[in-house]
Amino acid sequence: MRSWLKMIKELTIRPKGERKVRKSPSYSIDEDLKKPLSGQTVKEILSKSSDIVFREFFLQGKERIPCLLIVVDGLVDKNLLDEFVLKPLMVELVGHPELAKATLSNVIDITIQSLLPGVEIKKISEMKDAVSSILSGDSVIFFGDSSEAIVIGARGWAHRGVNEPIAESIVKGPHEGFAETLRINTSLLRRKIKHPSLRIISLKLGDMSNTDLVVTYIEKIASPDIVSEVLKRLAKIKMDSVIDVGYIEEMIEDNPYSPFPQIAYTERPDVLAGKLLEGKVGIIVDGTPIVLVVPAILTQFLNVNEDYYQRAMTAILSRFVRYVGAFVAVVAPSVYIAVTTFHQEIIPTDLLMSISAGRQGVPFPALLEAITMTVVLEILQEAGLRLPKPIGQTIGIVGALIIGDAAVNAGLVSPLMVIIIGLTAVASYAIPYYDLSLAVRLIRFPLMILAGILGFFGVAVGLYAIMIHLLGLRSFGVPYTSPIAPLRIRALLQDTFVRAPWWALKSRPQLMDVEEPRPNGKG
Amino acid sequence: MKTDRSKEQKFILILTVFACLLFLTGCWGKKEVEDLAPLLGIGFDVGEKPGTFLITQQFARPKKDSSTGSEIEDRTFSIEASSSREAFEKLSKVTYRTPFMGSLKVIIFSEDVAKAGGFNNMLDFAQRYAEFRRSMYLVLAKGKAQDILNLKLRSGLIPAMAIKSNIEGGDEISIFPTVRLGHYLTILGTKSTAPILPVVESVKSGEDMEYKADAKNEAGEIRIQSAGVMRGDNLADFLTDEETKGYMWLENDVIHRLINTVDLEENSVKFGGQVLESRTKYKVKTNNEKKELQYQIKTSIAIDEILGLKKQLSGPEWVELVKEAEKDFAKVIEKECESSIKKQRELGLDFLGIGRHIEQKNSAYWKTIKDQWEEEIADFSVSIEVKVTIHHSGMSSSSATNLVGEGQD
Amino acid sequence: MERISSHQFMVLGAAVLMGTTFLPIASMVTGVASRDGWMSVLPGFAVGIPYSLMVISLLEQYPQKNLLQISEILLGKWICKIIGIVYILITGYFGGLLLGQVGDIYQSSIMPLTPIGMFYLGGILLVFCLIRSGIEVFARFSEIIFPLIVIALVLNMGLSMPRIEQGEFLPILSEGIKPIIWGGLKVAPFAMEYILFIAGILTFLPTGKRELAQLKRGVWQAVFWVGFLNTLVVLIQILIFGPGETVSLVYGLLVLGKMVEISRTFAGVESLFLGAWFGALVIKVSAFFFTVNWGLETVFNLKGLKWNLGVGVVFMGIAFKFKRGPVLVMEIGFVDNYLILPFASVWILTLWGISRWKKVAGIS
C-alpha cells in the first residue's frame, strides 16, 4: 500500500517539463538550420519537395542581380505575388531611379524601402527564420549569394470559413465560431475586444510541426501570476508536433491523473472574449478551432455563455436544471442500487411493491443489472458518436427497441432500471461541456460498485472522496472548487449557481483572487 | 529498472485484490428487493399456552401482472410464540423471503391480549429493531386480531392497508384517536396519563349497515370507532363512541368533525353540520382554595343540514336560528365532553391527561398533588366552556318546507 | 506554508465543535435537566468562548506557534513534553473512539448486517485522504460539509414537525435553575474538544491585527451557531418524544430521521441524513487526527506518511476494541468528562495565567 501510494505520488509530482516526450528523431535538420543563410543552401534544404516552387529571375539595377523566390505552392496567394512582387520587379520598375542605384549589397534595403508596396515585408538574416517563413506560407526572395533575404507576407490558402461551431451550439447569441487559421481567430477576437490592453503573444511549439500559437489575455485584468505561469508551462513543452490543443492541454494541466477537466475550451469568439474579460487567459493554436481557456473552475463547466445572453431569471432556471442534471447523472444508478438492495425502507410501500413486482424473475442482482445497462449505454453512446448521420439513427432504434423494450419483455432487466438508465443518459446530456460529462461517466462506475457493496454508506464515501479530490485540485493556482470553497461570497451569489442581472454584476468576478500558483501543480 | 518491475507487479496485485473484494462481497446485509416480503401488519392474540401469543403477520406479495403492472396479494400467517423474534424464526421456515419490517403499518392487539396485559414487551421489538419506524399505528381489535387480518375485504384492500388508510382518513371525522407507536411511548413516559388506543372491528352486514357480502355471514368491511383506555398495558375499559368524541374535543384533537344535534330533545329544529376548525385551551383556575381545570373549546361550524324547519324564515329570524344552532351545537359538544369526564372519574384513570395539563400550567401545584394523583382524579373539579361560531349556513338561507299546515298533523 | 483564512477558521471551528454532538446531546442534557434540558445547551457551549479567547490571546503574543510550542516557551521543555504526550494520547484515543462511533451509528441504525470494519475502513480512508491533502483542503471540505450538515439538520427537524406532541413544552423551569447548570456541565466537554483542536491549528492562522479580531468573532459565531442548532435539536426531541423517551433513545436524532414522512409517501429518509452525519464524523475524526499529527510533530518531530499510517492503524485498533455500542457510548462520555474537560481547562488556564503574569512582571 505504501509503495503504491508513493508511486502514485511520484507520478503525480513529477515536474511538468520533464515529463518524457518523444525526442525529435532527425537531428540533422536542426544542423542544417544553423548554416549561414543563402539562397542555394535553402534550395538544398528544401529540395525533393514537389510543392516548393523555386522561381529564379534577374533584377536589372546598377548591375544584373540574380534573384531566387521560394514559396510553397498552395500556401501563397499567387495573384498577389504576380501582380505586386514579380511584375513590378521584373517589368514595371525597370528604369526606376531607385532601382537603378541597386547593387547586390544594397538591393535589399532599396527594395523594402522604395520598391515593393505591401504591409508585411521584412528583412531576415537567419536560416531558421527563412525556412520557417517559407514553410509557414510566406514568400522569401534571395538576392545572389547575399546572407540576407526579404520575407513577403502574401499568404493565401484554402481554409474553412467562419462557421457556426457544431459542438457548441447556441440558441440566442452570436453564431460565428473559430476556424482552423490562427490569424482569422485572432481577428475574430480582436473584433470583440477593441481595447489596447488585449495582449496577443505569439509562440511556436513542436520541433517538427512548428505550430504557431498565441497566448492572449487582457493586461490589468488577468492576474500577471497566471499569465507568467501559462507562459512558463508552455515554454517547458518539448514535443515533436502540436496537431491539436489536446496535446498542450495535457502538458500544462495541474493534475493529469484527475478525470476532471482542468482547462476549459471553446470554439466561440464571444465565449473567449467573455472569459478574457473575466481575467482568464486564452491559448489559441493554429490548425484547430478549439481555444483553451485557463484557469478553469468546476462550476464554470456547468455554466455557459448563453446564460449571459438570456434574461437573468430564465438563466437561473437553466443553470439550476444543469446542476440538477449533473448530480442526477452522477448518482442516479448508484442510488437505485443502494435503495433497492440496502435501503428499501426509503421507498414508499406502494412503489416498493411495484419495483418488487417488476423485478420478479429478473435473474441478475441489481448491481449487475445496473452495471450491465450502464455499459450498454456507454457502448451505444460511443457507437453513435462517430457514425455517419444516416446510420446513426439506426443506433437509436436498436438501443431503444431492442435493448430497452425487448430486454424488459424478456425479463432480463426490470422496467425501472431502464427508466433509471434513460434518466441518467438524458441528465448527462444536460452537462454543457463534453469533457465534464466524460468525467461524470467515468466516476459513475466506482460509485455504483460502492453502492452495491455498502449502500448509501458506500455512496457517501465515494462522493466525499470525489469531493476531497476536487477540493485538492488547482488550475493554475486557482482552487478548482472556488468560489464555493474557499468561499468567495460575492462570486458565489452573483455568478455561480445563479446569475445576477447585468446591472447587479458591477464588479469583475472575484474567483481570480489567486493563491500563489504552484509550478508543480497539486496544492 | 528493477524497482519499476516490482512496482508493476504490486500494482497488478492490488488490482486483483480490489477485484476480489468487489466480486466476493457476499451478503453483508444486501437483499434484493424482490426477495423481501414486506410486512404490513402484525396482530397479537392470546396463545393457548400461558405466556405465549398467537402472532399473526400479514405480508404483501407483489405479483407481476403484464397488464396492470403489479398486483398485491396478501400472505398471512399465524404463529404461536412467546416473543416476536421467535415468531419470525418459525415463519422463516415457511417463507422463502426475508421479512421486511420497514413497511409495517399497523400493530393490532386483540381485546384478550389487552386485558391480559404484558404487550408492552411485544412493543419493545418494534421500538428497538432498526427497521421499524415509530410512525406505525397501534390499534385494539374487538375480537381476535387474527380474524381481522384474515378478513377478505370487499374493497380488495389488504386489511392492514385498509386500517392504515382508515386511520389516515381519520382527520376528516375526528372521532377516534390516532395513536402512533411514538405517541404511545411518549404518553407512557409521562407516567400520569393513561394511554388510549383506537378500536378496530369488523362490520358484518346487518350491523349498523347493510351490504352485499361476498360470503354469507362473513364480514367484508372494517371500521375504526371509539377507543380503549389502558391502565399501563392492561385494557381498563372501552369507551363508547360518545366518550371517545368527548376525548377528542378535550384533547384538542378535532380537526374536522361531522356533527348533528338530532339527539337533543328540547328543540324541534335540528341541525347537522361540519366542524371547520376547533381549538381547545386549558386553564388552571383557583376556585375558593380549590384548583380547577377549565377547558375552553372554541370551534367554528358550518351548517349543512337543517331539519324540522316549518316555515320560510325572514332575515332577523334567520339570525336568531343561527344563534340557536350555536347553542345547540355547544350543548352537544358539552354533553360529549361531560360523558368523557364522567368516564374518567369512574375509571379513576387519567386518560384525558388532566395531570399533564396541570403540570404545564401550574407546575408548583402539580408537585403537591403528583403523588396522590390516582386518588385525586375522581373528584378533581373540571369545567368546560364551549364557544361555537357558525361560520356559514350553506348555499341557501331557506329550507325546502311544506306549505303551512299541509302534511302536518 | 499552508494558511487558512479567518472565515475558514470560523467554519472549520464550527464544524469541529458541532461534530456529531447533535446525536447524543439530547439524551445527555435531558437526562440531567429533564424538560428544561434545551436551555442548558447554549450556556454549556459558551464555556468554550473564554477559553478560545485565551488561546487566541496567546496566539497574539506568540504568532505562528501552536499551544505546545507556547507551553515549551512558558513552562520549559520537559513539562511541555509531558503535556504533549498527554495531548497526543487523549486526542488520539478520542479520535479512535469517534471512528468507532461511525460504525456504531451505521450498524445500529440502518445496516445491521454489514461488517462493522467496513464502516471504520470507509471512515478512515476519507480521513486519511483529508490528512494527506493538508489543512487547506480540510478547511475547504468543512466549508462545503458544514452547510450541508446544517441543511440536513434543519430539514430533519422541520420535516418531523408534524410529529410534535401537544403540550410537551411546558412547564418551563419547574425544577429551578440548578439542573440547567448541571446540564451545561455535561455539554462543556464538547467545547473543550474544540479547544484542543484550536490549540493545534494556531500555526496556520493569520496573525494580522484585523484578522485576530475576525478570529475572535469567528469563535463567537461558531459557538453561537452550534449552540443554537443543538438547542433546537434538543428542543424538538423533547417536543416529539417527551423527556422520558428522549433520555432512553441513544441517538434520538436518528429515530427522528426515521419518523420523517414527506406527504405520507417518502418515509425513512434517515439513510440520506446519515450521509450528512457521516460527513460530520469524518470532519471530527480528521480534526483529532490532525491534532495527533501536530502533537507528534511538535513533541517528537515525527511526521510524514509513515507516521500518518501509524496513527491510522491506531485509530482503527481503538475502534475495533470498542465494537460494542453501549460500551463505546460510555467510554466517549468518560473521556469527555474525566480526561478532556479537566486537561483542557487546566492546561489553558495555566498557560494563560503564566503568560499574563510574565507580561505584568515584565512591565513592572
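Owing to the predicted nature of the structure, the values given are computational and were not obtained by experimental measurement.

1. Observations regarding the overall build of chain B
Counting its secondary structure elements, chain B contains 12 helices and 13 strands. Considering chain B as a whole, with its 409 residues, one finds that 51% of them fall into the buried category. Relative to all contacts within chain B whose residues are 6 or more apart in sequence, the contacts with residues 24 or more apart total 69%. On chain B, roughly 20,100 Å² of surface is accessible, and the fraction owed to carbon and sulfur atoms is 50%.

2. Structural notes on the interface of chain C and chain B
Tallying the contact residues gives 29 residues for chain C and 26 residues for chain B. Roughly 2,300 Å² of surface becomes buried between chain C and chain B when both sides are summed, with 47% attributable to carbon and sulfur atoms. Taken together, chain C and chain B are joined by 0 salt bridges. If you look at where chain C meets chain B, you find 2 residue pairs in polar contact (both at pLDDT 80 or more). Counting only elements with at least two residues in the side of chain C that touches chain B, the list comes to α6 (77-109), α10 (209-248) and α11 (252-259) of chain C.

3. Focus on the interface of chain C and chain A
Counting residues at the interface gives 38 residues for chain C and 30 residues for chain A. Carbon and sulfur atoms supply 75% of the area that chain C and chain A bury against each other, a total of about 2,800 Å² over both sides. Linking chain C with chain A are 1 salt bridge. Elements with a contribution of two residues or more to the side of chain C that touches chain A: α1 (6-18), α6, α7 (116-133), α8 (135-159), β2 (266-267), α12 (270-300) and α13 (305-321) of chain C. In terms of residues, the side of chain C that touches chain A owes the most to one element, α7 of chain C, which gives 10 residues.

4. Some thoughts on helix α16 (residues 389-409) of chain A
Residues and elements named next belong to chain A. With 21 residues, α16 should reach 30 Å at 1.5 Å per residue; the first-to-last C-alpha distance of 30 Å fits that figure. Where α16 is concerned, the buried positions are Gly 399, Gly 404, Ala 407 and Val 408. Contact partners of the buried residues in α16: α15 (366-385) and α17 (415-429). Immediately downstream of α16, the backbone of Gly 411 shows phi near 80 degrees, a positive value.

5. Structural notes on the pairing of strand β12 (residues 290-307) of chain B
All names here are of chain B. Pairing analysis gives 17 bridges linking strand β11 (residues 270-287) to β12, with the strands arranged antiparallel. When the bridges of β12 are listed, Thr 286 appears paired with Lys 291. Linking β11 to β12, which pair antiparallel, is a turn of 2 residues; within it Asn 288 sits at a positive phi near 25 degrees. Inspection of the sheet shows β12 paired to strand β13 (residues 381-392) by 11 bridges, in the parallel sense. The partner of Tyr 295 across the bridge, within β13, is Ile 384.

6. Description of the sheet that holds strand β2 (residues 64-72) of chain A
The strands that make up a sheet pair up through hydrogen bonds in the backbone, lying either parallel or antiparallel. All names here are of chain A. Taken in spatial order, the 5 strands of this open sheet run β1-β2-β4-β5-β3, and their pairing is antiparallel. Each edge of the open sheet is held by one strand with a lone partner, namely β1 (52-60) and β3 (121-124). This sheet shows a mean twist of 25 degrees between the axes of neighbouring strands, independent of strand direction. For β2 and strand β4 (residues 139-143), the ladder comprises 4 bridges, and the chain directions are antiparallel. Opposite Leu 68, over in β4, you have Phe 142 as the bridge partner.

7. Re the pattern of salt bridges
Using the criterion set out here, one finds 39 salt bridges over all chains in the structure. Across the salt bridge formed by Arg 359 of chain A and Glu 34 of chain B, the nearest N and O atoms sit 2.8 Å from each other. With one member in each of two chains, Arg 359 of chain A in helix α14 (residues 349-359) and Glu 34 of chain B in the loop between α1 (2-23) and β1 (36-46) form a pair that bridges those chains. As far as the burial class goes, Arg 359 of chain A and Glu 34 of chain B line up, both buried. We note a salt bridge from Glu 382 of chain A to Arg 441 of chain A, for which the minimum N-O separation is 3.8 Å.

8. Some details on the sheet that holds β11 of chain B
Residue and element names in this part refer to chain B. With mixed pairing, the 4 strands of this open sheet are ordered in space as β10-β11-β12-β13. A single partner strand is all that each edge strand has here, and the edge strands are β10 (257-260) and β13. When strand polarity is set aside, the average angle formed by the axes of neighbouring strands in this sheet is 40 degrees. Helix α9 (residues 315-347) rests against β10, β11, β12 and β13 of the sheet, and its axis sits at about 150 degrees to β13. Against the sheet, helix α10 (residues 354-361) touches β11, β12 and β13, its axis set at about 55 degrees to β11.

9. Some points on the domain arrangement of chain B
All names here are of chain B. Under the domain assignment, chain B is made up of domain 1 (31-238) and domain 2 (240-409). Relative to domain 2, the C-alpha centre of domain 1 lies at a distance of 32 Å. Counting residues at the interface gives 21 residues for domain 1 and 23 residues for domain 2. Together domain 1 and domain 2 conceal approximately 1,700 Å² of surface at their shared face, both sides included; 64% is due to carbon and sulfur atoms. Its largest share of buried area at the contact with domain 2, domain 1 owes to Ser 174, Ile 175 and Ser 192, together 27% of the area lost on that side. Here domain 1 is connected to domain 2 by 1 salt bridge.

10. Quick word on the domain arrangement of chain A
Many analyses report the size of an interface as the accessible area lost when the parts associate. Residue and element names in this part refer to chain A. You can read the domains of chain A as domain 1 (28-152), domain 2 (182-308) and domain 3 (309-472). Computed from C-alpha coordinates alone, the two centres of domain 2 and domain 3 are separated by 33 Å. Contact with domain 2, which involves 20 residues of that partner, is made by 20 residues of domain 3. Buried surface at the junction of domain 2 and domain 3, both sides included, amounts to about 2,100 Å², of which 61% is carbon and sulfur. Its largest share of buried area at the contact with domain 3, domain 2 owes to Phe 260, Tyr 265 and Leu 302, together 33% of the area lost on that side. A salt bridge links Asp 307 to Arg 319; the shortest N-O distance between them is 2.7 Å. Applying the counting criterion to the domain 2 and domain 3 interface returns 12 residue pairs in polar contact (both at pLDDT 80 or more). Sorting the residues of the side of domain 2 that touches domain 3 by element identifies β8 (264-266) and α12 (306-309) as the ones contributing at least two each. Looking at the side of domain 2 that touches domain 3 element by element, the count peaks at 3 residues for α12.

Rules and cut-offs
Residues numbered from 1 in each chain as written. Chains lettered and ligands numbered in written order. Predicted model: local features only at pLDDT ≥ 70, side-chain atom pairs only at ≥ 80, totals over all residues. Heavy atoms only, no water. Helix = DSSP H or I, 4+ residues; strand = E, 2+ residues; numbered from the N terminus. Buried < 20%, exposed > 50% of the residue type's maximum accessible area, 1.4 Å probe, protein only. Contact = heavy atoms within 4.5 Å. Areas by Shrake-Rupley, 256 points an atom, 1.4 Å probe, with all protein chains shown as cover. Buried area = accessible area lost by both parts, 1.4 Å probe. Salt bridge = Lys/Arg side-chain N within 4 Å of Asp/Glu carboxyl O. Polar contact = N/O pair within 3.5 Å; in protein donor to acceptor, adjacent residues only side chain to side chain. Expected span 1.5 Å × (residues − 1). Pairing = 2+ DSSP bridges. Axes fitted to C-alpha atoms, helices over the stretch in contact; angles between N-to-C directions. Domains from an automatic or database assignment.

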